[in-house]
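Residue-level structure breakdown
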Amino acid sequence: MTKELFTLEGITRIYKRGNEEIKGVDGLTLKIDKGEYISILGPSGAGKTTFLNMLGCIDSPTSGKLIFYPDNGEMIELTRMKENKLDEFRRENIGFVFADFFLLHSLTATENVELPLIFSSGKKVEDGYSKKVLEMVGLGHRLTHKPLQLSGGEMQRVAVARSMVNQPKVLLADEPTANLDTGNSEVIFNLFEELNSMGMTVVVATHAEELAKRARRIIFLQDGKIVEDKGGK
Amino acid sequence: MNFITLAIKNLLRRKIRTTLTILSVAIAISILFSLVAFNRGYEKEMKKELQYLGYHILVVPKGCPYEAASLVLHGGKFPRYLKDEYVEEMRAVEGVKETARLFMDSETDSLLKETKIYFGIDEDYLRFKTRWKFKEGGFFTDDHSVVIGLYVSETKKLKLGDKTRAFGEDFTVSGILEQTGDQDDGFYFLPIKTSTRVSGKEGLLVAVAIKVEDLSRIEQIAEKLRAAETDMNVVSMKEVTGAIMGLVSSTRVLIYAVVLIAILISAVGVLNTILMSVFERTREIGMMKAVGSSRMDIFRLIWYETFIVCLTGGLVGSFLAVAGSSGIEKFIKKLMPYAPGGQLISADLLVIIVSVLFAVIMGILAGIYPAYRASNLMPIEAIRTE
Ligand SMILES: Nc1ncnc2c1ncn2[C@@H]1O[C@H](COP(=O)(O)OP(=O)(O)OP(=O)(O)O)[C@@H](O)[C@H]1O
Ligand SMILES: [Mg+2]
């Protein structure tokens, strides 16, 4: 079994705004191994979000090659996959968490967590699995609460639970604590650590340097390029 | 939780908006429902009415037959008559199966301000009125017998064997008809010979009713009859019903157009509402894509929402139409140039199915565009949108 999860070769994403071309990320080349815990740091506009979007395949690079290694020993070239295949890939392998929690206010915490499961060919999970995931993020006592009845930290934990319900290989978090106070931010990062210790690969983009330092590997981005990559093997 | 419950929950987020949209569909569908139900009822009643009429061709004197009929009803005298001997000529025309002499006169009581209508007939007429049943008694027993309709018997308190005066002579009730549901209920029927004599029109007729052997040849037979004598009008019932149906169908086209516009407006309303809700939920849809929903998932979700709105609207609309059918019937009857008696709105299962189906088709069509728009949202753009 390979230990690699992703290989990026010269990943570049060019945004066009009128005549102006902006490189969101510029020639990213790196490997990400299974079970890594990575923080992405860098000033605003450095390309952190763009980088995560590339990994999560909710946006595709203008050029470069992105390869994913599933457990069965194959290698999948994501940059050559059709859109509907990418949807499937995302559903099966990627968990996303955003700064905004993106919870549906009309649904309870449990229903929000179940959301990814109702989509077609969603993974079959055991009954009550979403409840278990909510318990794992420490919200066993908030199962039937609606988002507006929860605190910000709790909402983000619901969002983390939702990202986990499909049992993905990677958790991608884009400034997950941007809308949270220090205490709640701690809780979320503790959660990431816990998930990582259970084998989950975690990639977090953040401005919170102190918290970022908890990760084993830290990648600094600037102007779409990697300026420092430390702690990896 | 599944797709449908999610769609319903999404709709319930904007209760007022959803309710209003459903209501607009319901109104359009209830109009459609009433119209379809009315169409079925109307055709049924018209056919029944024509069948009851019993004759295929009516021969009347030249001149406007409607004018003559109104003269009788308001107590005037017929301006023109047919000669009795024509009947033999008509019988001789090939394809004529039955004939019956008809005479008609009226007498107005200036004190009571009421007009009694007397119909002169003979036994031949019974072969036309096969639907007639005698409640009591039977046909004429002598030349001073009278057969009366049920309405006459009830309002004039006339029983079997009672005498009634007409044109200065006494007639004995020999039979009372069961209810027929048409004008016959209000008529007095006299033996034609006596009737023409007391009216001073011996040897004359108001009309001759004709049945033909083969209905498909009715027009040729009518032509031959026209050729036989020049001072008579040969009216085939096909022409009459054709004329009425023609009038009706032009009215109907108008009503259909109104219904179609109503449906179109409500369909556009549904489309607009759903599209609006898609735009409002741009970020949410982006999130769903990020957590693994495919284009098709989003398409389905939005489509279901439209579908549920329209289906509910269809059911509510059908219910409203059934509940308000008597009011709607009155309204439509006013619009129609000719409306037969009886219940015109016939709301059977088929009508319900047609209406709900229409709503469903409307939902399917109105949902396509918003669902397509939603499914085409790119996740990063959707998430970025503030
Ligand atoms: N849709 C877009 N159109 C045009 N330019 C874009 C678009 N998205 C990102 N960019 C540009 O690409 C660069 C990288 O953006 P990105 O969002 O990845 O930065 P970031 O590191 O996540 O910043 P922040 O910390 O503020 O979230 C920026 O210069 C940004 O302006
Ligand atoms: Mg960002």
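Residues numbered from 1 in each chain as written. Chains lettered and ligands numbered in written order. Predicted model: local features only at pLDDT ≥ 70, side-chain atom pairs only at ≥ 80, totals over all residues. Heavy atoms only, no water.

1. Some points on unusual backbone geometry
The general pattern is negative phi for most residues beyond glycine and trans for most peptide bonds. Despite not being glycine, A:Cys57 shows a phi value in the positive range, around 60 degrees. Topologically, A:Cys57 is positioned in the loop between α1 (48-56) and β4 (63-68). Within the chain, B:Phe167 stands out as a residue other than glycine whose phi angle is a positive 50 degrees. Relative to the assigned elements, B:Phe167 resides in the loop between β7 (163-166) and β8 (169-177). (Helix = DSSP H or I, 4+ residues; strand = E, 2+ residues; numbered from the N terminus.)

2. Describing the sheet that holds strand β1 (residues 4-17) of chain A
Residue and element names in this part refer to chain A. The antiparallel open sheet is built from four strands, whose spatial order is β2-β1-β4-β5. A single partner strand is all that each edge strand has here, and the edge strands are β2 (20-33) and β5 (76-77). Bridge analysis of β1 against β2 gives ten bridges, and the strand direction is antiparallel. Within β2, the residue paired with Arg13 across the bridge is Val25. The sheet contacts of α1 involve β1, β2 and β4, and relative to β2 the element is tilted by about 60 degrees. (Pairing = 2+ DSSP bridges. Contact = heavy atoms within 4.5 Å. Axes fitted to C-alpha atoms, helices over the stretch in contact; angles between N-to-C directions.)

3. Some remarks on the interface of chain A and chain B
Each partner contributes to the interface: chain A provides 26 residues, whereas chain B provides 24 residues. Where chain A packs against chain B, one counts four salt bridges. A:Glu111 is the salt-bridge partner of B:Lys9, the closest N and O atoms lying 2.3 Å from each other. Connecting chain A to chain B are five residue pairs in polar contact (both at pLDDT 80 or more). If you list the elements that add at least two residues to the side of chain A that touches chain B, you get β1, α1, α2 (83-93), β6 (94-98) and α3 (109-118) of chain A. (Salt bridge = Lys/Arg side-chain N within 4 Å of Asp/Glu carboxyl O. Polar contact = N/O pair within 3.5 Å; in protein donor to acceptor, adjacent residues only side chain to side chain.)

4. A closer look at the pattern of salt bridges
Under the definition given, this model contains 35 salt bridges over all chains. With a closest N to O distance of 2.8 Å, A:Arg13 and A:Asp59 form a salt bridge. With A:Arg13 in strand β1 and A:Asp59 in the loop between α1 and β4, the pair connects residues that are 46 residues apart, well separated along the chain. Owing to a relative accessible area of 14%, A:Arg13 belongs among the buried residues under this scheme. Judged by its relative accessible area of 12%, A:Asp59 falls in the buried class. Put simply, A:Glu36 and A:Arg217 hold a salt bridge, and the shortest N to O gap is 2.8 Å. Taken together, the residues span a long stretch of sequence, with A:Glu36 in the loop between β2 and β3 (37-41) and A:Arg217 in strand β9 (residues 217-222) at a distance of 181 residues. For the pair shown, A:Glu36 and A:Arg217 are each scored as buried. Overlapping salt bridges, with partners in common, bring together B:Arg91, B:Glu98, B:Asp124 and B:Arg127 in one network. (Buried < 20%, exposed > 50% of the residue type's maximum accessible area, 1.4 Å probe, protein only.)

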